[in-house]
Amino acid sequence: SIDGQARDLWVTAPTVADALSQLGYSTADFTSVSRSTRLPLSPTDIELRTDKSVTVVADGQTHTVQSTDATVGELLSDLQFTVDADDRVSIPVTSAFADGATVIVQRVTTGQITATAAVPFTVTTKTDSTLTKGTTKVVTPGKPGTQVTTYAVVYIDGKLTGKTPISTQILTPPTPQ
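About the criteria used
- Sequence order as written defines the numbering, with residues in each chain counted from 1.
- In keeping with the predicted nature of the model, local features appear solely for residues at pLDDT of at least 70, side-chain atom pairs appear and are counted solely at 80 or more, and the whole-chain, interface and lining totals rest on all residues.
- Based on all heavy atoms of the structure, the side-chain values leave hydrogens and waters out of the count.
- Under the DSSP-based scheme used, a helix requires at least four consecutive residues in state H or I and a strand at least two consecutive residues in state E, with every element numbered from the N terminus.
- Each radius of gyration reported is based on C-alpha atoms, and the globular scaling rule is 2.2 Å times the count of residues to the power 0.38.
- Throughout this description, buried means an accessible area under 20% of the type-specific maximum (1.4 Å probe, protein chains only), exposed means over 50%, and partly exposed covers the range between.
- Pairs of residues are marked as contacts when any of their non-hydrogen atoms sit within 4.5 Å.
- To be clear on the numbers: accessible area is Shrake-Rupley with a 1.4 Å probe, and residue cover counts the displayed protein chains and nothing else.
- Only four residue types enter the charge count, namely Lys and Arg as positive and Asp and Glu as negative; His and the chain termini do not.
- Working definition for charges: the position is that of NZ of Lys, CZ of Arg, CG of Asp or CD of Glu.
- For our purposes a nonpolar core is just a set of buried Ala, Val, Leu, Ile, Met, Phe, Trp, Tyr and Cys residues, chained together by side-chain atoms within 4.5 Å.
- Think of it this way: DSSP has to see at least two bridges between two strands before they count as a pair.

**Q** What am I meant to see in the overall build of the protein chain here?
**A** Counting secondary structure elements, the protein chain contains 2 helices and 9 strands. Listed N to C, the secondary structure of the protein chain is α-β-β-β-β-α-β-β-β-β-β in terms of helices and strands. Compactness check: the protein chain gives a C-alpha radius of gyration of 34 Å against a globular reference of 16 Å for 177 residues, more than 25% above the reference. Projected onto its principal axes, the C-alpha positions of the protein chain cover 115 × 25 × 25 Å. The buried share among the 177 residues of the protein chain stands at 24%. Expressed as a percentage of contacts within the protein chain between residues at least 6 apart in sequence, the contacts between residues at least 24 apart total 48%. Of the accessible surface of the protein chain, which amounts to about 12,200 Å², a share of 52% is contributed by carbon and sulfur atoms. Counting 13 positive and 17 negative side-chain charges, the protein chain places the centres of these two groups 21 Å from one another.

Structure, rendered in structure tokens:
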């Protein structure tokens, strides 16, 4: 198996190292069987993963590395990047990656915030025959109230990307005018 692709190859080499050398593979490539193992005359299964260049963008940094890891998850683990269940990864962690791939890890956090806002007062108008037409008089001045709204929030790489109201509570009711 070469980078996940099964192939039948015939060699006359006595060891895994000699066989890989005859086939043109580097000593930097990963092999599932020790290179010093003698090859039997019967078919032998060997997994070979060639060195690939991959760029990882995470936590505000860009890393370009050479790797023979089988999956994105193994690569991130080797680079000591932990990925939480909420985080987004541009290539699934269970997938293999191609040479020249870019893996982008976006950190997703959720939480709640509260915001206090004014509640406008209502205005009630009554006609009064004792006043001159076109004249108004405020009998009781209106006063705005206050309310607190709780929001569920989502941040991606520290930037607010979603805000959904989940509850509102009136702290002080408005006084009508």
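**Q** Teacher, can you tell me more about the nonpolar core here?
**A** Judged by nonpolar contacts, V54, V56, A58, V72, L75, L76, F81, I91, F97, A101, V103 and V105 together constitute the single largest core of 12 residues. The set of elements that each furnish at least two residues to this core consists of strand 3 (52-58), helix 2 (72-78) and strand 6 (101-106). Excluding its chain neighbours within four sequence positions, the residues that come into contact with F97 are K52, V54, S67, D69, T71, V72 and L75. Judged by nonpolar contacts, the second largest core, of 8 residues, contains A13, V33, L39 and L48.

**Q** Would you mind showing me how to read the sheet that holds strand 6 here?
**A** By way of backbone hydrogen bonds, the strands of a sheet pair with one another, either parallel or antiparallel. The strand order across the open sheet built from 4 strands is 4-3-6-5, with neighbouring strands paired in mixed fashion. Of all the strands in the sheet, the pair left with one neighbour each is strand 4 (61-67) and strand 5 (88-89). Relative to strand 4, strand 3 is paired through 7 bridges, and the arrangement is antiparallel. Residue V54 lies in a different strand from strand 4, and its bridge partner there is V65.

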